[in-house]
Amino acid sequence: MYPPELVKPMQLELENAGFTSLHTAKEVEQAIAKEGTTLVVVNSVCGCAAGTCRPGAVASLQFDKIPNNLVTVFAGVDTEATGKAREFMVPFPPSSPAIALFKDGALVHMLERHHIEGRPAEVIASNLAAAYEEYCN
């Protein structure tokens, strides 16, 4: 849906912070099934993804406790992977951007677009840090 040259810098922002981009449903299934905690960022081209979601997710990794696995799917680009990730996020409706924390394959924390949009990156990072404190070793 979006040209690769447009989304590449947005993908690299998370990849450079240690996230693995997932492109298939199978990759998503394998990532979420991993033991421990897995953070899934549903990336997007929108302004709130650029202004708060990606910076907040990256800033959240500066705390003592962080997830074991960091992955991302790109809405409108990784259609198959995004669809599969959203299946794991039920009962929450599809949202992009979004950030989900899984522990041993179970969804334990979710930030939907309405939790991200209009909030500073620091608030997103603090919210995630509180979830990491509770669920990450």
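These lines cover the structure that appears in this document, whether it is placed above or below. Along each chain, numbering runs from 1 in the same order as the chain's sequence is written. Per-residue local features are limited, in this predicted model, to residues with pLDDT of at least 70; the limit for side-chain atom pairs, both in listing and counting, is 80 or more; totals at the level of whole chains, interfaces and linings are taken over all residues. Side-chain numbers here rest on the full set of heavy atoms in the structure, without hydrogens or water.

## Describing the packing of helix α1 (residues 4–15) against helix α3 (residues 47–59)
- Working convention: axes come from line fits to C-alpha atoms, limited for helices to the stretch in contact. Angles between N-to-C directions cover 0 to 180 degrees. Labels follow the DSSP assignment, with helices taken as runs of H or I lasting at least four residues and strands as runs of E lasting at least two, numbered in each case from the N terminus. Closest axis-to-axis distance for the α1/α3 pair is 9 Å, and the angle between their directions is 20°. One way to sum up the angle between α1 and α3 is to call them roughly parallel. Relative to α3, the crossing made by α1 is left-handed. Taking contact as the criterion, the partners of M10, E13 and L14 in α1 are, on α3, R54, P55 and V58. Angles below 35 degrees are treated as roughly parallel, those above 145 as roughly antiparallel, those between 65 and 115 as roughly perpendicular, and all remaining angles as oblique. For any helix crossing, the convention is left-handed if the near helix is rotated counterclockwise from the far helix by under a right angle, and right-handed if that rotation is clockwise. What makes two residues a contact is simply this: any of their non-hydrogen atoms within 4.5 Å.

## Focus on the environment of L14
- Position of L14 among the secondary structure elements: in helix α1.
- Each C-alpha atom of the pair L14 and I99 lies 12 Å from the other, and the pair is 85 residues apart in sequence.
- Apart from the residues within four sequence positions on either side, L14 is in contact with F19, V41, N43, R54, V58 and T72.

## Remarks on unusual backbone geometry
- Residue P91 is bonded to the preceding V90 through a cis peptide linkage, with omega at 25°.
- For P91, the position within the fold is in the loop between α4 (79–88) and β4 (98–103).
- Cis peptide bonds are those with omega within 30 degrees of zero, and the linkage from S96 to P97 qualifies with 0°.
- Here P97 shows up in the loop between α4 and β4.
- One non-glycine residue with positive phi stands out, namely D104, at about 50°.

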